[in-house]
Amino acid sequence: MAFDRFGRNIHYLRISLTDHCNLRCIYCMPADQTFCPNHKLMQDEEILKFAQLFAKLGFDKIRLTGGEPTIRANIVDIVRGISSVPGIRSLSMTTNGVLLPKLAVPLKEAGLQRVNISIDTLEPDKFHRLTRWGKLEDVWKGILAAEEAGLTPVKLNAVIVKGYNEEDVIDLAAQTLEKPWQMRFIEMMPFAGATDLQTQQTITAAQIQNKIETEFGPLEPAGKYDGEARIYRIHGAKGELGFISSITLPFCSECTRARLTADGVLRMCLLREKEIDLLTPLRSGASEDDLRQLILDGVWEKPWGHGLDQGIIPLNRVMNQIGG
Ligand code: SAM
Ligand code: SF4
């Protein structure tokens, strides 16, 4: 088991499979983003090796992310490999959904259990603006494909940006009236490269909740947290609403996560710059014991929380380079 110096048992690993993406969301990366060359990304067997190492340290939950994980070559084989690692009991993916119409069934058959799909608006023009070129109907088909394939419960993520989609929270929330989906609203977090947008155009979870309650009446607390999300329900709805308030109500004290970036670096806090390179030692022949020690040392040093309230913004990577 891996513990940090505050006694938190760290057992949830987010693995970024690539920093590349088939969209360019405005809050995630700058328009002129450049991407990591393929040889610097973890290769398939290196990803599997790390999954096995982390599993031996008690990590039992893995989420695949990116960039966009579904554009990774051999994605189905990667999922199949990780799902058969002893000790991994939960395997999920965060995706923009665009490629799910063709991948949902093979991914499910390979052992993927659930997906979170990002959808920030139900209006095609706004979706195009927010993603710089995406087509809403592709994502919608992806959501339906995920549900059909049994990658359930389907969870949807929306980052809310002032001046873009703050009015859309009503339509998004309304989807849960008839669908058993979990619609999650995320406070936009600031990273290097897009920080002007991210610090000036943040909408808080409380503001989002207010808008929804003005339309649908008081939300009923579902009495639980799902990861970092506080869960509610519109009265009589089939699905749920989640609020992720990383800025205004951080869940750091409960955080059990580590992140492995696509270039093989261990990052113990999304919003802190400190990183431990694991891929270079692996490629230069480090023993399993050496790698295990590097991971345990990294986990031990996990920061207590992020420093956004002191104005500390991570400047060394944007979101697609870390893995959301
Ligand atoms: N491409 C996939 C997707 O969009 O779902 C997975 C990677 S993406 C980086 C993971 C999640 O991070 C998405 O739900 C996305 O909306 C969210 N995200 C990206 N930039 C963000 C930011 N600045 N603040 C908060 N969430 C952000
Ligand atoms: Fe791509 Fe996801 Fe970032 Fe959007 S949020 S640009 S889909 S990695």
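Structure: above.
Residues numbered from 1 in each chain as written. Chains lettered and ligands numbered in written order. Predicted model: local features only at pLDDT ≥ 70, side-chain atom pairs only at ≥ 80, totals over all residues. Heavy atoms only, no water.

Draft legend 1. Molecular detail of the nonpolar core. If you look at the biggest cluster of nonpolar residues, it comprises 98 residues, and the most contacted ones within it are Ile15 and Phe185. Here Ile15 is in contact with Met42, Ile47, Ile62, Arg63, Leu64, Thr65, Ile82 and Leu260, once residues within four sequence places are set aside. (Core = buried A, V, L, I, M, F, W, Y, C linked by side-chain atoms within 4.5 Å. Buried < 20%, exposed > 50% of the residue type's maximum accessible area, 1.4 Å probe, protein only. Contact = heavy atoms within 4.5 Å.)

Draft legend 2. Here's a closer look at the packing of helix α6 (residues 169-178) against helix α8 (residues 205-216). Across the interface, α6 lies against α8 with an axial gap of 10 Å and an inter-helix angle of 60°. As judged from the angle between their axes, α6 and α8 are oblique. In the packing of α6 onto α8, the handedness of the crossing is right-handed. Contacts between α6 and α8 pair Val169, Ile170, Ala173, Ala174 and Leu177 from the former with Ile208, Lys211, Ile212, Glu215 and Phe216 from the latter. Along the lines of polarity and charge, the residues of the contact of α6 with α8 split into 8 nonpolar, no polar and 2 charged. (Axes fitted to C-alpha atoms, helices over the stretch in contact; angles between N-to-C directions. Helix = DSSP H or I, 4+ residues; strand = E, 2+ residues; numbered from the N terminus. Parallel < 35°, antiparallel > 145°, perpendicular 65-115°, else oblique. Left-handed = near helix turned anticlockwise from the far one by under 90°. Nonpolar A, V, L, I, M, F, W, Y, C, P; charged D, E, K, R; others polar.)

Draft legend 3. Summary view of helix α1 (residues 44-56). A rise of 1.5 Å per residue sets the reference length of α1, with its 13 residues, at 18 Å; its end C-alpha atoms lie 19 Å apart and thus fit the reference within 8%. Every buried residue belonging to α1 is among Glu46, Ile47, Phe50, Ala51, Leu53, Phe54 and Ala55, and all of these are buried. Just past α1, the residue Gly58 takes up positive phi, approximately 95°. (Expected span 1.5 Å × (residues − 1).)

Draft legend 4. How the structure looks around the site of ligand 1. Lining the immediate environment of ligand 1, one finds 20 residues, of which Tyr27, Gly67, Glu68, Ser118 and Met189 sit closest. Backbone polar atom of Tyr27 to a nitrogen atom of ligand 1: 2.9 Å apart, as the coordinates give it. Taking Ser118, its side chain carries an N or O atom lying 2.6 Å from an oxygen atom of ligand 1. Protein chains bury 95% of the 540 Å² of accessible surface belonging to ligand 1 in isolation. At the level of secondary structure, the elements contributing two or more residues to the shell around ligand 1 comprise β3 (90-95), β5 (155-160) and β6 (182-187). (Near = heavy atom within 4 Å. Polar contact = N/O pair within 3.5 Å; in protein donor to acceptor, adjacent residues only side chain to side chain. Areas by Shrake-Rupley, 256 points an atom, 1.4 Å probe, with all protein chains shown as cover.)

Draft legend 5. Summary view of the side chain of Thr176. Relative to the helices and strands, Thr176 is located in helix α6. Once residues lying within four places of it in the same chain are set aside, the contact partners of Thr176 are Trp181, Met183, Ile234, Ala237, Lys238, Gly239, Glu240 and Leu241.

Draft legend 6. Examining helix α3 (residues 100-110) more closely. Within the span of α3, buried status applies to Leu100, Leu103, Ala104, Leu107 and Ala110. Looking straight down α3, one finds its buried side chains confined to an arc of 140°; they lie on one side. Within α3, the exposed residues directed more than 90 degrees away from the buried face are Lys102 and Glu109. Turning to α3, the residues buried within the fold contact α2 (75-83), β3, β4 (114-118) and α5 (136-149). Gly111 lies just past α3 and shows a positive phi near 115°. (Arc of directions from axis to C-beta.)

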